[in-house]
Amino acid sequence: MKIQILGAGALGSLFGALISLAGYKVVFVARGKQFEALKKGLKISGILNLELKVQATDKPEDADLSFITVKAYDTENAVKQLSKVNAGIVCSLQNGIGLENIISEYFENFVRGVTTYAANLADFGHVVFAGKGYTYLGDWKGKGAKVVAEVLNSSGMKAEVVEDVERRVWIKAAINAVINPITALCRVRNGAIVEREDLWIVAEALAEECEKVLKAKGYELNLKEEVARVAKMTALNRSSMLQDVERGKRTEIDFINGAFVKEAKKLGIDCKINEMIWRMVRAVGST
Ligand code: KPL
């Protein structure tokens, strides 16, 4: 079985490494400095310490399974390229809301995944495996979730096929809507959210608005508790948005807080704090 990672950044490279260590043939699709570095090899540190030779390319190839791990704003570009080859089952593990319609348009078998695995890019070609997690997978269009779960589980990663993947996408995005912008704006690790009173007050305000949106969509949960749990569990992690801001890269804020603000408007829910934070991150990042 040939597996392709479209967007071999931090998370994509970690998944690619773990899957190739299990014996699967894996192709890493990357761009720029990451592509150049991967041609020389991939270093993993943190929970695992190893270096491996990988097959790197800058264009998608035919594959039996293609993971999409590009940034949310690159989705359209990436799927257009991917649609030119035989992509096989397509599985998105991206953060953010609203990517599903774009991907479904191009492929017959589309699996949406939500993962809590954590990875940071220490340098081009060097990924820090920062946290083991869980991956939930659901068939969004056609079939494939079972196959993806088998690949991940046989690679030593915990994965499960679920019926409510859309709910899980929204809940993950809500957690991201609280942790990511605060850590990016204040340049702190995730743990600071629960350790510093000032930050927790902002976190609570964001969480209250997002929870109202979730509730109106029929997704009940105590978001503050969930945010506190994730912030403690990933205390030492630098959120993906903090990493983007530190590198002067565009952030995924439009697909996280921006998506909550748009949904809140449709539902007639006040979401002003998310809107302020959304605009502040846009101003800080290179949007
Ligand atoms: O998903 C994450 C991210 O950084 O994007 C969290 C859960 C906040 C972990 O860092």
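Residues numbered from 1 in each chain as written. Predicted model: local features only at pLDDT ≥ 70, side-chain atom pairs only at ≥ 80, totals over all residues.

Regarding the overall build of the protein chain
Let me state the cut-off plainly: A run of H or I in DSSP becomes a helix once it reaches four residues, and a run of E becomes a strand once it reaches two; helices and strands are each numbered from the N terminus. Just to be clear, the radius of gyration here is over C-alpha atoms, and the globule rule we use is 2.2 Å times residues to the power 0.38. Partly exposed residues are those whose C-beta has more than 12 but fewer than 20 other C-beta atoms within 10 Å; 20 or more makes a residue buried and 12 or fewer makes it exposed, with C-beta atoms placed from the backbone. Note on contacts: each residue gets a C-beta atom placed from the backbone, and two residues are in contact if those atoms are within 7 Å.
Along the backbone of the protein chain there are 12 helices and 12 strands. Over its C-alpha atoms the protein chain spans a radius of gyration of 18 Å, differing by no more than 12% from the 19 Å that the globule rule assigns to 287 residues. Counting over 287 residues, the protein chain shows a buried share of 51%. The long-range share in the protein chain, meaning contacts at least 24 apart out of those at least 6 apart in sequence, stands at 67%.

Re the site of the ligand
As a reminder of what qualifies: The criterion for a residue being near a molecule or strand is a backbone-placed C-beta atom within 6 Å of that molecule or strand. Classification convention: Asp, Glu, Lys, Arg as charged; Ala, Val, Leu, Ile, Met, Phe, Trp, Tyr, Cys, Pro as nonpolar; all other residues, Gly among them, as polar.
Contacts to the ligand come from Asn95, Ala118, Ile175, Asn176, Ile179, Asn180, Asn190, Val230, Thr234, Asn237, Ser239 and Ser240. Residue contributions to the shell around the ligand peak at four residues, all from helix α6 (residues 165–186). Partitioning the shell around the ligand into residue classes produces four nonpolar, eight polar and no charged.

Digging into the environment of alanine 231
For alanine 231, the position within the fold is in helix α9 (residues 223–233). When the C-alpha positions of alanine 231 and lysine 59 are compared, they lie 36 Å apart, and in sequence the two are 172 residues distant. Leaving out residues up to four positions away in the same chain, alanine 231 has contacts with Ile179, Asn190, Gly191, Ile193 and Val194.

A few points about the sheet that holds strand β12 (residues 159–161)
The criterion, for reference: Any two strands with at least two DSSP-identified bridges between them are counted as paired. Angles run from 0 to 180 degrees between N-to-C directions of axes, and those axes are lines fitted to C-alpha atoms, restricted for helices to the stretch in contact.
Strand order in this open sheet of eight strands is β5-β2-β1-β6-β7-β8-β11-β12, and the pairing throughout is mixed. Bordering the open sheet on either side are β5 (55–57) and β12, each of which pairs with just one other strand. With strand direction ignored, the average angle separating the axes of adjacent strands in the sheet is 25°. Here strand β1 (residues 2–6) pairs with strand β2 (residues 25–29) via five bridges, running parallel. Bridging from a neighbouring strand, isoleucine 5 pairs with phenylalanine 28 of β2. Relative to strand β8 (residues 110–115), α6 is tilted by about 40°, and along the sheet it contacts β8 and β11 (135–141).

Thoughts on the packing of helix α8 (residues 197–216) against helix α11 (residues 257–267)
How we decide: Oblique is the label for every angle not falling under 35 degrees (roughly parallel), over 145 degrees (roughly antiparallel), or within 65 to 115 degrees (roughly perpendicular). Crossing handedness: left-handed means the near helix sits turned counterclockwise from the far one by under a right angle, and right-handed means the same turn made clockwise.
It is the contact of α8 with α11, at a shortest axis distance of 10 Å, that shows an interaxial angle of 55°. Our classification of the angle between α8 and α11 gives oblique. Between α8 and α11 lies a crossing whose hand is left-handed. In contact with Glu209, Cys210, Val213 and Ala216 of α8, α11 contributes Phe260, Glu263, Ala264 and Leu267. Tallied by class, residues from the contact of α8 with α11 come to six nonpolar, no polar and two charged.

Remarks on the pairing of β1
Stated formally: Classification remark: right-handed applies to a crossover when, strands pointing away from the viewer, the course from the first strand over the helix to the second runs clockwise.
Burial within β1 is extensive, with four of its five residues counted as buried. Following the chain from β1 across helix α1 (residues 10–21) to the adjacent parallel β2, one finds a crossover that is right-handed. Both β1 and strand β6 (residues 65–68) contribute to a ladder of four bridges, which runs parallel. Residue pairing for β6: isoleucine 5 is matched across the bridge by phenylalanine 67.

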